[in-house]
Amino acid sequence: MPVHNSEIATIFDHVADLLEIEDANRFRVRAYRNAADTIRDLGRSLEDMLEEGADLSDLPDIGEDLADKIAKIVRTGQLPLLEEISDDVPEAIVKATRIPGIGPKRARALFKALDLSSVDDLRDAAEEGDIAEIEGFGEKTQTRIRKELKEGVIEDERLRLDVAEDFAAPLMEWIRNIEGVSKAEIAGSYRRRKETVGDLDILVQGEDGSAIIDCFTEYDEVEDIASKGKTRSTVTLRSGLQVDLRVIPEPSWGAALYYFTGSKSHNIAGRRRAQDRELKLNEYGLFDGETRIAGATEKEVYDGIDLPWIHPVLRESRGEIEAAENGELPELVESEDIKGDLHAHTTASDGKNSLKEMAQVAQDKGYEYLAITDHSKSQTQAGGLSEDAFHRQVDEIAELNDEFHGFRLLASCEVDILEDGRLDFPDKLLERLDLVVASVHSKLDLSEDKQTERLIRTMDNPLVSIIGHPTGRQIGERKAFALDMEQVLAAAKDRGCVLELNANPIRLDLKDVHCRLAAETGVDIAISTDAHSTGGLDNMRYGIDQARRGWLAAENIVNTRSWGNLSKMLRRT
DNA sequence: GCCGTTTTCGGCCCGACTGTTTTCAGTCG
C-alpha cells in the first residue's frame, strides 16, 4: 500500500493537535510538528527511502522514535498512538481550535464546561449566550465564535492543490498502467490549477470500460465504492478524496475533456455560442442535428464554436471568451521564463539549509540569481537576525559570490513591517542590500483602513523593493487580512513598488484575481517561493500556475528578467 | 520527542497582545 509523505506529515500534525489539547509537554508537541515540516519538504518518498534501507533518524528532527513510527505508518497505514488519543479527544474540539483566539486550552475548557460534543453544540451554545457565562470567557469571545461559525471557516473540506497532487500522481500512474487504457487525464478544477480542489474528475480512453473500472476500483487506496458501472465509477480514497472516473469513447474525448474541465460558467457560455450557431454542445460532442461535427479534441470543439483553444487556467468566465474572440488572449508566463527566485530563507533564521546549499540547488535549476531573505529581528519565533548578524550575512554572501560563475546570491532581507508601516531595520542597513522584501507578520487584525495605510506607508520607503505575501492569507488556515487592494495597487504603481505572488501552495498570495488587477493597474509581480529549504524552491510552479490564472505574461513578472535589468527596475532612489 | 554531548539528561523561542480579571493564562506569529 503506497503511503505518501503528506499522509505521514498529516498524521504527525494531527498527533500534535491532539497532544496539545491533552496538555502534553509542549516540546513533545513541537517535535511532532517539526517532523511533519521536515517530511513535507523532503522531496523524496519516505517509503522509497525505507525500501532502500535508509536510516530515517539521520533526517533532521526525526529521532529513533519517530523513525519507528514512520516505518509503522508505511507498513500499516496507521499509527496506534493516534488511534489511542483520538478516542480521548472529540474531533469537534480539534475543529474548534481553528477559530482565531481559541487554542487547545480554551477549546477543551469550553467543551468541558458546557458538556459539548459537536460543532453544532458549540454553535447552539454561542447563539444562546452560554459561552459568555463561563469563567474566563466573555462577550467578545462569544461574538467571535458565533461569527466564525457562521462564516463556515472550520467546515471547509476542499483539498489544497499540492495535497491533491500528492494523491493524484500515483493514482494516475495506476490508471495509465491498466490494460486497455490508451489515454488518461485529470479534468475539473485540478486541470484549471485552482488553489483547492473538491474532488478529482478523471477521464480515460480505452476499449473495455467494465474491465478498466474493475481495475480502477481495485486501487490500494480505495476505501469506499459509491458507484461502479460500464462507463463511470465514483470512489472515495482513504484520504477522504472523492474520485470520479469516466471512460470516454475516442470521438468524444475532446468534448468530454472540455465539459468536465469546466468551469461551469465557461461551459454555459460555450453551449450558448453553439446554440447561436444552431448547434448543440454536450460532453459527447458538438452536434448539427444528429450529426457529430466535432468532439475528438478540444481544439475541434473550440473551432466549431469559432474560437481559438483557450487554456484551462483561463476558463473561469472572466472575459476569456471575449478575449479569444478578439484575438487578445494573454501569452501566459512559462516556467522557462523564470530567471531566479526573490524570497528564500536559510538556517540563519528559520530555514533548513545553508546559504551554500540553497545556492547550489538554485544553480541546478538554471537560475541566474537567488535572493536570501532571512527574517529581521522582531520575528523572534522565526530566528530573526540582529542587525549585526545581518551585516555578517551580507559579507558572507559577497564572499560566496566570488566563487560562482553566471550566478549570484542576492543579499536581501524579509524585513518586518511594524504596526505603523515603518520597518524593523534602519535604512542604513537596508541600503547595503541588493533588494528588500517587506512583509506583515503581526497585527493582522487591523481595520481595513489602517492595514491599507500601513502598507502604503511601507511603500513610501524607496528602499522597499517588494511587498511579501501581501494579504497574509493561508489557504484553509487563515483569512486574508482586511485590505483595500485597489488602493494598495494604485500606491504600488505610483511608487514603482513590486508585489509578491508567494508561490507556497499554502499561501498563493496574491490571489489570481489580484494578480490580474495588478497587471491591469500596471504593477509588476515577483513570483517567489518563500522557500525554507532547498525543496521549497520547487514550489515555483504553483506560483506560475496562479500567475497564469491571473492572466499574467512574462513581461508582468520581474523575475523573468536578468539581474542586470531587474536591479535597475528595483532601484527607486 | 529531538538534540548534543560534559554519553545521560537538560534545554528546547520568546515577546507581545488579548480578554479577562485586577494579575495573568492563553494565543499568536
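Described in the following lines is the structure provided in the data block. Only a predicted model underlies this, so the values are computations on that prediction, with no experimental measurement involved. (Residues numbered from 1 in each chain as written. Chains lettered and ligands numbered in written order. Predicted model: local features only at pLDDT ≥ 70, side-chain atom pairs only at ≥ 80, totals over all residues. Heavy atoms only, no water.)

Things to note about the pattern of salt bridges
For side chains bearing opposite charge, pairing can occur when the charged atoms are close. The tally for this structure, following the rule as stated, stands at 35 salt bridges. The residue Asp-303 makes a salt bridge to Lys-299 at a minimum N-O spacing of 3.3 Å. With Asp-303 and Lys-299 both in helix H15 (residues 298–304) and 4 residues apart, the pair spans about one turn of that helix. You can call Asp-303 partly exposed: its relative accessible area is 42%. We note a salt bridge from Asp-538 to Lys-365, for which the minimum N-O separation is 2.7 Å. Residue Asp-538 is found in the loop between strand S18 (525–528) and helix H23 (540–549), and its partner Lys-365 is found in the loop between helix H17 (355–364) and strand S12 (369–372); the two are separated by 173 residues along the sequence. Accessibility expressed as a relative area gives 43% for Asp-538, which makes it partly exposed. Taking relative accessible area as the criterion, Lys-365 reaches 33% and is therefore assigned partly exposed. (Salt bridge = Lys/Arg side-chain N within 4 Å of Asp/Glu carboxyl O. Helix = DSSP H or I, 4+ residues; strand = E, 2+ residues; numbered from the N terminus. Buried < 20%, exposed > 50% of the residue type's maximum accessible area, 1.4 Å probe, protein only.)

Examining the packing of helix H2 (residues 26–40) against helix H4 (residues 64–76)
Closest axis-to-axis distance for the H2/H4 pair is 12 Å, and the angle between their directions is 60 degrees. Between H2 and H4, the angle is such that the two are oblique. For H2 against H4, the interelement crossing comes out right-handed. Facing H2, whose interface residues are Ala-31, Tyr-32, Ala-35 and Ile-39, H4 presents Asp-65, Leu-66, Lys-69 and Ile-70. (Axes fitted to C-alpha atoms, helices over the stretch in contact; angles between N-to-C directions. Parallel < 35°, antiparallel > 145°, perpendicular 65-115°, else oblique. Left-handed = near helix turned anticlockwise from the far one by under 90°. Contact = heavy atoms within 4.5 Å.)

Some words on the protein's contact with DNA strand B
Of all residues adjacent to DNA strand B, which total 35 residues, the nearest are Arg-30, Arg-106, Gly-138, Gln-381 and His-441. Among all atoms of DNA strand B positioned within 4 Å of the protein, those belonging to sugar or phosphate total 70%. At 2.7 Å from a phosphate oxygen of DNA strand B is found a main-chain nitrogen or oxygen belonging to Gly-63. Take Gly-101: an N or O atom from its main chain is 2.7 Å from a phosphate oxygen of DNA strand B. At the level of elements, H2, H4, helix H7 (104–114) and helix H9 (139–150) are the ones that each hand at least two residues to the surface near DNA strand B. When residues of the surface near DNA strand B are assigned to their parent elements, the largest contribution, 5 residues, is made by H2. (Near = heavy atom within 4 Å. Polar contact = N/O pair within 3.5 Å; in protein donor to acceptor, adjacent residues only side chain to side chain.)

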